[in-house]
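# Coordinates in review
Below are the chains, spelled out letter by letter.
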Amino acid sequence: MASEVLKRARETALDRGEGIGEADVLEVLTLPEDDIPEALALAHEVRLKWCGDMVEVEGIISLKTGGCPEDCHFCSQSGRFETPVRAVQLDIAELVEAAKNTAKTGATEFCIVAAVKGPDERLMRQVEEAIRAIHAEVDIEVSVSIGILDREQAFRLKKAGAHRYNHNLETAKSNFENVVTTHSWQSRRDTLDLVREAGMEICSGGIIGMGESLEQRAEFIAELQRIDPEEVPLNFFDPRPGTPFADYPVIETPDALRAIAALRLALPKQIIRYAGGRELALGPEGTEAGLLGGINALIAGNYLTTLGRPAEQDLDMLGKVQLPLKVLNRVV
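So, how was this worked out
Residues numbered from 1 in each chain as written. Predicted model: local features only at pLDDT ≥ 70, side-chain atom pairs only at ≥ 80, totals over all residues. Heavy atoms only, no water. Core = buried A, V, L, I, M, F, W, Y, C linked by side-chain atoms within 4.5 Å. Buried < 20%, exposed > 50% of the residue type's maximum accessible area, 1.4 Å probe, protein only. Helix = DSSP H or I, 4+ residues; strand = E, 2+ residues; numbered from the N terminus. Contact = heavy atoms within 4.5 Å. Axes fitted to C-alpha atoms, helices over the stretch in contact; angles between N-to-C directions. Parallel < 35°, antiparallel > 145°, perpendicular 65-115°, else oblique. Left-handed = near helix turned anticlockwise from the far one by under 90°. Nonpolar A, V, L, I, M, F, W, Y, C, P; charged D, E, K, R; others polar. Expected span 1.5 Å × (residues − 1). Arc of directions from axis to C-beta. UniProt positions renumbered as here; feature names shortened; annotations may be inferred. Polar contact = N/O pair within 3.5 Å; in protein donor to acceptor, adjacent residues only side chain to side chain. Salt bridge = Lys/Arg side-chain N within 4 Å of Asp/Glu carboxyl O. pLDDT = per-residue confidence, 0-100. Right-handed = clockwise from strand over helix to strand, strands pointing away. Pairing = 2+ DSSP bridges. Disulfide = S-S within 2.5 Å.

## Focus on the nonpolar core
- Core analysis: the biggest nonpolar cluster contains 97 residues, and Ile146, Leu157, Phe236 and Leu265 have the highest contact counts within it.
- Per element, the largest residue contribution to this core is 9 residues, and it comes from helix α9 (residues 253-266).
- Excluding anything up to four places from it in sequence, Leu265 contacts Leu6, Ala9, Ala13, Glu18, Gly19, Ile20, Val28, Leu42, Ala43 and Val46.
- Core analysis: the next-biggest nonpolar cluster, separate from the first, contains 5 residues, Ile60, Val113, Ala275 and Ile299 among them.

As structure tokens, then:
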């Protein structure tokens, strides 16, 4: 017997392609465990109807790892914490080679990331050069994630060929000061407005399980609805040694699955991408359940400072659940 919230979600998200509201998101996040399979099945129907059955695969690489001046409490790249991560920088040739290797896995997206508050002029020029060099040699879309931007920087990245910009909200606005103190939630929101103005697609999501209440989890999803990003990376908290959140517990699998269903029912037409922490929070069976419960993209291979699975395992998993891989078809 379908719960009332899932009946409403069927009419709103499946029939009309509209996201459910914050109150209904909270109800999905608190569904009895016996109702989770039904919620995931509905989320999968919504994804198939409004997004199709293709799965988009992305590879990411860090241009600059570690030494970040910010104090994001979950992140081992912060230079403020004693973590095992050490500062490393790559050159353009290494980025091009990484993009080639990513394309060989079948991925259609390659994201250049740098651990900075925002880019200085040297980093901007390096990223612009890298985007052009990758496009010259590899048939793959390039996205960028290099922190808080000003208007000129956003337009320069678009001109260089970046088609999507990642800047996560990370958590609900009401929880943000518990997670980061060296910059504001609003500064992130302002960057996303500039990205939209410059004509790049928005990639914005966050991390589930950083001490937020279920009400704040619903608030976070509602904030993403208002931004209306083209892509939402979904991370599950993975405790990193040396960070202030090192002793936080990992989210329970049922709560992770509820979050997947709620996110799809709130964002029926978006790319929702598995990112970090899925192996820890979900395991193999839960990961497959998410792919049949609303997820339609994933990062293959390793993440920035945490290990994922070999890309081949993810591709085998897509075959197992009979979901086809999206093929890049760029118009030039």
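## Brief notes about the packing of α9 against helix α10 (residues 278-291)
- Contact geometry of α9 with α10 gives a least axis separation of 10 Å together with a crossing angle of 30°. As judged from the angle between their axes, α9 and α10 are roughly parallel. For the element pair α9 and α10, the recorded crossing hand is right-handed. For the pair α9 and α10, contact is made by Thr253, Ala256, Leu257 and Ile260 and by Ala281, Leu282, Gly286, Ala289 and Gly290, respectively.
- In terms of residue class, the contact of α9 with α10 is made up of 6 nonpolar, 3 polar and no charged.

## Things to note about helix α1 (residues 4-15)
- In a regular helix each residue adds 1.5 Å, so 12 residues correspond to 16 Å; α1 covers 16 Å between its end C-alpha atoms and thus fits that length.
- Residues Val5, Leu6, Ala9, Thr12, Ala13 and Leu14 constitute the buried set of α1. Looking straight down α1, one finds its buried side chains confined to an arc of 160°; they lie on one side.
- Positive backbone phi, approximately 70°, marks Gly17, located one or two places after α1.

## Regarding the UniProt feature "binding site: [2Fe-2S] cluster" (unreviewed entry) in the protein chain
- When the UniProt feature table is mapped onto this chain, "binding site: [2Fe-2S] cluster" (unreviewed entry) is found at Cys111, Ser143, Cys203 and Arg273. These residues run over 163 residues, yet every pair of their C-alpha atoms falls within 14.1 Å of each other.
- The topology assignment puts Ser143 in strand β4 (residues 141-145).
- In contact with Ser143, not counting residues within four places along its chain, are Glu58, Glu109, Phe110, Cys111, Ile112 and Arg164.
- Polar contacts involving the side chain of Ser143 include one to the side chain of Glu109, which spans 3.0 Å.
- Residue position: Cys203 is located in strand β6 (residues 201-203).
- Setting aside its immediate chain neighbours within four residues, Cys203 contacts Arg164, Tyr165, Asn166, His167, Asn168, Glu231 and Pro233.

## With respect to the pattern of salt bridges
- As enumerated under the stated definition, the model contains 25 salt bridges in all.
- Between Arg16 and Glu11 there is a salt bridge, with the nearest N and O atoms lying 3.4 Å from each other.
- What makes Arg16 partly exposed here is its relative accessible area of 40%.
- Here Glu121 ties to Arg125 by a salt bridge, and the two come within 2.8 Å at their closest N and O atoms. Of this pair, Glu121 and Arg125 both sit in helix α5 (residues 121-137), 4 residues apart, which is roughly one turn of that helix.
- Judged by its relative accessible area of 37%, Glu121 is partly exposed.

## As for the confidence of the model for the protein chain
- On average, residues of the protein chain score 87 in pLDDT, and 86% of them are at 70 or above.
- With pLDDT under 50 throughout, residues 83-88 is counted as low confidence; its partners more than four residues away or in other chains account for 16 contacts.
- Confidence drops under pLDDT 50 across residues 302-308; counting only partners more than four residues distant or on other chains, this segment forms 23 contacts.

## A closer look at the pairing of strand β8 (residues 231-236)
- Of all the 6 residues making up β8, 6 are buried; the element is thus mostly covered by neighbouring parts of the structure.
- Side chains Glu231, Pro233 and Asn235 of β8 all project onto a buried face; the interleaved residues Val232, Leu234 and Phe236 project onto the opposite face, where all are buried too.
- The parallel pair strand β7 (residues 206-208) and β8, bridged by helix α8 (residues 214-227), forms a crossover whose chirality is right-handed.
- Pairing between β8 and strand β9 (residues 271-274): 4 bridges, direction parallel. Across the sheet, Leu234 pairs through a bridge with Tyr274, a residue of β9.
- Note on the crossover from β8 through α9 to β9: the handedness is right-handed.

## Quick notes on the state of the cysteines
- According to the stated counting rule, one finds 0 disulfides in the structure shown.
- Looking at the unpaired Cys72, the closest cysteine sulfur is the one in Cys75, lying at 6.1 Å.
- Given the relative accessible area of 12%, Cys72 is considered buried.

## Some thoughts on the side chain of Arg189
- Along the chain, Arg189 falls in helix α7 (residues 185-198).
- A polar contact is formed between the side chain of Arg189 and the side chain of Asp193, at a distance of 2.5 Å.
- Arg189 has contacts with Arg226 and Ile227, leaving out every residue within four places of it along the chain.

## So, α9
- For α9, spanning 14 residues, the distance from its first C-alpha to its last is 20 Å, which sits close to the expected 20 Å at 1.5 Å a residue.
- Of all the 14 residues making up α9, 11 are buried; the element is thus mostly covered by neighbouring parts of the structure.
- Regarding α9, the residues found buried are Ala256, Leu257, Arg258, Ala259, Ile260, Ala261, Ala262, Leu263, Arg264, Leu265 and Ala266.

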